[in-house]
Protein chains: 2
Amino acid sequence: MIHRLCVIGVGMIGGSIALELARRGFCHEIVGYDRDIHALELACRREVIHRSEARLKDAIDGADALLVAVPVGAMRQVWQELLECGLRCDAAIKFLMDVGSVKQSVIADIRQVFGEVPSWYVPAHPIAGIEHNGVEHAQQDLFVGKRVILTPVESTSSEAVKTASRLWEALGAYPESMSAVRHDKMLAASSHLPHVIAYGLLYALDSIDEPEVWARFSGGGLRDFTRVCATDPTMWRDICVSNRLPILDVLRVFETSLSQMREAMEASNADDLQRILYRAHQARNRLVGAQTDQSQAS
Amino acid sequence: MIHRLCVIGVGMIGGSIALELARRGFCHEIVGYDRDIHALELACRREVIHRSEARLKDAIDGADALLVAVPVGAMRQVWQELLECGLRCDAAIKFLMDVGSVKQSVIADIRQVFGEVPSWYVPAHPIAGIEHNGVEHAQQDLFVGKRVILTPVESTSSEAVKTASRLWEALGAYPESMSAVRHDKMLAASSHLPHVIAYGLLYALDSIDEPEVWARFSGGGLRDFTRVCATDPTMWRDICVSNRLPILDVLRVFETSLSQMREAMEASNADDLQRILYRAHQARNRLVGAQTDQSQAS
C-alpha cells in the first residue's frame, strides 16, 4: 500500500505502529526520525524501523506517507519544520497522519502554519496505549481490536482518509470518523478528566502527613487508580493545556458531584450517599458492559 | 489453636478466612451464621464452613472464638444481638474479632452496647479484598503476604491480640498494631478517598451527555480507575458515614489540589501544571516502590 513511510517521533506509539506495519508488510520501507538521537539508535537496533535519518529533510525525502507521533505540545514545532523542509499543501503524498490525544488544537496549529488544512492531513487518535513511554516499550499487536478515531475536516481528501484507514485496519484496529469537536469533548470525559483526577489525588496525598505510611498500607485499589500517573507528566501537561476548555467543562461537573458527596457526609445523610453511590455503581456496570460489547464486536 | 470458631457473616471476606483456616487446620470446627439463608446454604455447599446454624444463639454456643465479618453499618446490630444472646464481657472466649474497614466507630458501637470495650474484643482490618461480594467469591490464599492492622484499646487483653495475630499468621498475613485513630486517618487517605473520587467521577460522567458514548470510547485507564466501584455501594455508604471526619479532612486537601489544577488550566499556565503533575508522578513512583518493598519483605 505504502512505498516509504516516514515516522517522525519513534516513541512507544510511533514505534509500535512501525514495528507492526513492517511485520505485516504494509510498507516497503520505514524511515525513522527523532530529535532524540538515542531513541533513534534504539529504534534501529530493535529493528522497529528500517533506517534512520538524522535530518528531517532527508527523512521525508521520497516518502509517500508521513506519520507524526510526537507529544501534542511538540506538534506545532514539527509542522513548522516540515514547512521549512519544503513540504507544501500540494505535495504528492498519500497522507500525513498524527496520533495525538487532542485534535482541535493540532488541527488549528497545522492550519496556522500552512495557511490552510492540507488535503493530505488526516488527524487520528488510537484509543490504545500503555503507561510507559519510549521506543523500548514499543510492542506488537498494541492496536489489535482497538478503536481509532479519525477527525477529518472539510478540506481533507477522502483518498487520504481511506488510505489512513487501511493502515489502521492492517494493524487490526477499527477506524471510525467523527468531528474533532466531538472527539475532544468525549475524550475530555473518558480519559483526560480521569487523568487530571488521578494526578490531583497523588498530589493531595503527597502533601498530607507521612506519605510513606499511606503508600505502605495501600492495596491494589490505589495502585490501579493511579496507574495512569506513571505516564510522562509532560505529555499530560500538553494535553491539559491543549484541551483545557472541554476538560474544564467536565471538571466542573465532577466538582459538583464531589460537593454533593461532601455535603451528604457532612450531614451524615446515608440516603443521599446511597443514591449517589448506587447510580455510580450502575454506571460502572454499563461501562464494563459497553467495553465487553466492543471487544465481542471486534 | 481454636476449638470452635463461629463466623458471623459468611460473605467474601468471612468466607475466605473460614475456607483457609479449615484447610490449614487452625480450627477444629467452623460454624457459620448469616442473616442471608442463601449465603449460609452456599457456604455449606462450598464447604467454606463445617456447619451452619439458623439462630445466632446456637451458632455461638460452645464457640471459643468469634469472627464478625459483616458490613460496618451492620456491626452495631450484631453487637446488640450478641448481648441479647447472653454474651458478656467476662465470657470465656479467646477473642471476638471484626474485620471492618473503619475502626473508631465500630469500637464506639461495641462500647455503647456492652457498657465497656470487652477485653476479648480485637478490632482488625485486613488490607486485602477484591471488588466482588458474596461467599461465591470466597477464595483461598486471599491474605497471603497482606498486612492486617489490629487496633486494640487499653482494655483489650494481650492474650486475645496474640491469638488473633496467630490466626492471621496462619493465613500467611502480617498483623501489626496501631491506634484506631491512626488507622482511620491513614485508610481515609489510602483507600476511602480514592473510592469516593471514583464513585464521584462515574456519577459525574453519568450526568453528562451520551454516557454510552464515553463508555464505548474509553480505554483500560477508565476501567482500572473505576474498578473499585464494582463493590457493593451499601458497604461504601457505611464506610463514608462511619469514617466521615477523617475522609472529609483529606477530601478538602484533594479539592484544593483540584482547584490548583483548574486554575492552572484556566490560565493556560503550563509551568504550574508541570510542577503539579511532576510531583504527583514522583509520588506514584514512591507508591509503587513502597508496595514492591512490602512484597519483597513478605
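Residues numbered from 1 in each chain as written. Chains lettered and ligands numbered in written order. Predicted model: local features only at pLDDT ≥ 70, side-chain atom pairs only at ≥ 80, totals over all residues.

### What about the overall build of chain A?
Each helix and strand counted, chain A has 12 helices and eight strands in total. Expected size for 298 residues packed as a compact globule is a radius of gyration near 19 Å; at 21 Å, chain A falls within 12% of this value. Out of the 298 residues belonging to chain A, those deemed buried represent 52%. Restricting to contacts in chain A with at least 6 residues of sequence separation, those with at least 24 account for 78%. (Helix = DSSP H or I, 4+ residues; strand = E, 2+ residues; numbered from the N terminus. Rg over C-alpha atoms; globule rule 2.2 N^0.38 Å. Buried ≥ 20, exposed ≤ 12 C-beta atoms within 10 Å, placed from the backbone. Contact = placed C-beta atoms within 7 Å.)

### Quick look at the interface of chain B and chain A
Taken residue by residue, the interface counts 79 residues in chain B and 77 residues in chain A. Of all the secondary-structure elements, those providing two or more residues to the side of chain B that touches chain A are α7 (180-207), α8 (211-216), α9 (220-225), α10 (233-242), α11 (244-266) and α12 (270-297) of chain B.

### Some thoughts on the packing of helix α7 (residues 180-207) of chain A against helix α11 (residues 244-266) of chain A
Residue and element names in this part refer to chain A. Direction vectors running N to C along α7 and α11 enclose 60 degrees, while the axes themselves pass 9 Å from each other. Relative to α11, α7 is oriented oblique. In this structure, α7 meets α11 at a crossing whose hand is right-handed. Of α11, the residues touching α7 (which contributes Asp184, Lys185, Ala188, Ala189, His192, Leu193 and Val196) are Pro246, Ile247, Asp249, Val250, Leu251 and Phe254. Classifying every residue of the contact of α7 with α11 gives nine nonpolar, one polar and three charged. (Axes fitted to C-alpha atoms, helices over the stretch in contact; angles between N-to-C directions. Parallel < 35°, antiparallel > 145°, perpendicular 65-115°, else oblique. Left-handed = near helix turned anticlockwise from the far one by under 90°. Nonpolar A, V, L, I, M, F, W, Y, C, P; charged D, E, K, R; others polar.)

### A short note on the pairing of strand β1 (residues 2-8) of chain B
Residues and elements named next belong to chain B. Within β1, five of the seven residues are buried, leaving the element largely enclosed by the surrounding structure. Across six bridges, the pairing between β1 and strand β2 (residues 27-33) is parallel. If you follow Ile2 over to β2, its bridge partner there is Cys27. A crossover links β1 with its parallel partner β2, the connecting element being helix α1 (residues 12-23), and its sense is right-handed. Looking at chain direction, β1 and strand β4 (residues 65-68) are connected through four bridges and run parallel. The residue bridging Leu5 from the neighbouring strand is Ala65, located in β4. (Pairing = 2+ DSSP bridges. Right-handed = clockwise from strand over helix to strand, strands pointing away.)

### Here's the deal with the relation of the copies chain B and chain A
Superposition record for chain B on chain A: RMSD 0.0 Å, screw rotation 180 degrees, translation along axis 0.0 Å. Such a turn and shift between the copies fits a two-fold axis. Identified as the residue of chain B closest to the rotation axis by C-alpha distance is Phe225 of chain B, at 2.2 Å. Most of the interface of chain B is mirrored in chain A: 97% of its interface residues are interface residues there too. (Least-squares fit on C-alpha atoms with pLDDT ≥ 70 in both.)

### Focus: helix α5 (residues 104-114) of chain A
All names here are of chain A. For α5, every residue scored as buried is listed here: Ser105, Val106, Ile107, Asp109 and Ile110. Against the buried residues of α5 lie α4 (75-84), β5 (95-98), β6 (121-126), α7 and α10 (233-242). Directly beyond the C-terminal end of α5, a positive phi value near 85 degrees is found at Gly115.

### So, the domain arrangement of chain A
Often the size quoted for an interface is simply the accessible area lost on bringing the parts together. Residues and elements named next belong to chain A. Looking at chain A, the domain boundaries give domain 1 (2-178) and domain 2 (183-267). The centre of domain 1, based on its C-alpha atoms, is set 29 Å off from the matching centre of domain 2. Here the side of domain 1 that touches domain 2 is composed, by residue class, of five nonpolar, seven polar and two charged. (Domains from an automatic or database assignment.)

### Thoughts on the sheet that holds strand β7 (residues 147-150) of chain B
Residue and element names in this part refer to chain B. The eight strands lie next to each other as β3-β2-β1-β4-β5-β6-β7-β8, forming an open sheet whose pairing is mixed. Among the strands making up the open sheet, the edge pair consists of β3 (51-52) and β8 (174-177). With respect to the sheet, α1 is in contact with β1, β2 and β4, its orientation differing from that of β2 by roughly 160 degrees.

### Topic: the environment of Lys103 of chain A
Residue and element names in this part refer to chain A. With respect to the secondary-structure elements, Lys103 resides in the loop between β5 and α5. Each C-alpha atom of the pair Lys103 and Val181 lies 7.8 Å from the other, and the pair is 78 residues apart in sequence. If near-sequence neighbours (up to four positions away) are discounted, Lys103 is found in contact with Pro123, His125, Thr151, Ala180, His183 and Asp184.

### Section: the packing of α7 of chain A against α7 of chain B
Packed helix pairs are characterised by how far apart their axes lie and by the angle those axes make with each other. The geometry of α7 of chain A relative to α7 of chain B is characterised by a closest axis approach of 11 Å and an angle of 155 degrees between their N-to-C directions. When the interaxial angle is binned, α7 of chain A and α7 of chain B end up roughly antiparallel. Relative to α7 of chain B, α7 of chain A is oriented so that their crossing is right-handed. Facing α7 of chain A, whose interface residues are Ala189, Pro194, Ile197, Leu201 and Leu205 of chain A, α7 of chain B presents Ala189, Pro194, Ile197, Leu201 and Leu205 of chain B. Along the lines of polarity and charge, the residues of the contact of α7 of chain A with α7 of chain B split into 10 nonpolar, no polar and no charged.

### Let's talk about the sheet that holds strand β1 (residues 2-8) of chain A
All names here are of chain A. The eight strands lie next to each other as β3-β2-β1-β4-β5-β6-β7-β8, forming an open sheet whose pairing is mixed. Edge positions in the sheet fall to β3 (51-52) and β8 (174-177), since each has one partner strand and no second. Running at roughly 160 degrees to strand β2 (residues 27-33), helix α1 (residues 12-24) makes contact with β1, β2 and β4 (65-68) of the sheet.

### Concerning unusual backbone geometry
Residue and element names in this part refer to chain A. A positive phi angle is found at Glu47, which is not glycine, with a value near 60 degrees. Tracing the backbone through its elements, the reader meets Glu47 in the loop between α2 (37-45) and β3. Classification of Glu47 as exposed rests on a count of 11 C-beta atoms within 10 Å.

### A short note on the pairing of β2 of chain A
Residue and element names in this part refer to chain A. Most of β2 is tucked away, with five of its seven residues classed as buried. Both β2 and β3 contribute to a ladder of two bridges, which runs parallel. In the sheet register, Val31 faces β3, and the bridge partner there is Arg51. Each parallel crossover has a hand, and for β2 linked through α2 to β3 it is right-handed.

### Focus: the environment of Ile239 of chain B
Residues and elements named next belong to chain B. By the secondary structure assignment, Ile239 is in helix α10. A tally of 26 C-beta atoms within 10 Å means that Ile239 is categorised as buried. Sequence spacing of Ile239 and Gly73 is 166 residues, and the spatial spacing of their C-alpha atoms is 7.6 Å. Once residues lying within four places of it in the same chain are set aside, the contact partners of Ile239 are Val72, Ser101, Val102 and His192.

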